[in-house]
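Each chain, letter by letter, is given below.
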Amino acid sequence: MNLDKYDLKVSQNFISFQFVSEGKNGKILKGIIFTLIEAPNIWNLGFGDIDAISGEISDLVVSDNGDSEKILATVAQSALVFSEKYPDALIYAEGSTPSRTRLYRIGLSRNFEKITETFMIWGLLDDEWYPFQKNTDYQAFVVKRKVDKFG
Amino acid sequence: MLKTIKITKVEFDSTINEKQKHTFIEKKVTQAKKTLKRVGLPKDLEY
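Keep in mind the model is a prediction, meaning the values are calculated, not measured.

A. Focus on the overall build of chain A. Secondary structure assignment for chain A yields three helices and nine strands. For chain A, the α and β elements follow one another from N to C terminus as β-β-β-β-β-α-β-α-α-β-β-β. By the compact-globule yardstick of 15 Å for 151 residues, chain A fits well, its C-alpha radius of gyration being 15 Å. Across its three principal directions, the C-alpha atoms of chain A cover 40 × 35 × 30 Å. When burial is assessed residue by residue, chain A has 38% of its 151 residues classed as buried.

As structure tokens, then:
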């Protein structure tokens, strides 16, 4: 399955991404930031709305722009681009709220077959990590790019 | 219908207020570190 995605802008070091969501509430600037949590390879995926005037980035805003699938597919695409540059990275993602984590889970479930062509995914459930299964309410996720067969 | 998306490399991130970005990152990293300290990594990934 190939979902529609937004065009991405990426910083020179491939850790910061931006794109514009276009939906029923207009155009909304979105930011994705990968941050090294623990050297050498554990990174956090942060994602939120950017206020075009103040420059404030927030992951608590509910923009309700009617394009969540396209947004999630774009975030997944950013992880793909990031992990091409940092192939050993373990990417940790946790929503700012349970409902946002649920949204991540839905996005991962809907695109599971496509995502697992490239990534291994684990979900956190009751403080234990499990290989990701669709439709399970995880609290957080870790993804890692599979070793490139043609590396 | 497959659509090729455009990925543009930019010189620097001028849109996000740097102070706000720092605050946002701090919050996310603190949250992630707290969880990972408690639960560790998936066993297959520990190194």
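B. Molecular detail of the nonpolar core. With 39 residues, the main nonpolar core has W43, L45, I91, Y92, F141 and V142 of chain A as its most contacted residues. Here the element with the most residues in this core is helix α1 (residues 68–85) of chain A; it accounts for seven residues. Sequence-distant contacts of Y92 of chain A, that is, excluding residues within four places in its chain, are made with I37, I42, W43, N44, L45, A140 and V142 of chain A together with A32 and L36 of chain B.

About the cut-offs
Residues numbered from 1 in each chain as written. Chains lettered and ligands numbered in written order. Predicted model: local features only at pLDDT ≥ 70, side-chain atom pairs only at ≥ 80, totals over all residues. Helix = DSSP H or I, 4+ residues; strand = E, 2+ residues; numbered from the N terminus. Rg over C-alpha atoms; globule rule 2.2 N^0.38 Å. Buried ≥ 20, exposed ≤ 12 C-beta atoms within 10 Å, placed from the backbone. Core = buried A, V, L, I, M, F, W, Y, C linked by C-beta atoms within 7 Å. Contact = placed C-beta atoms within 7 Å.

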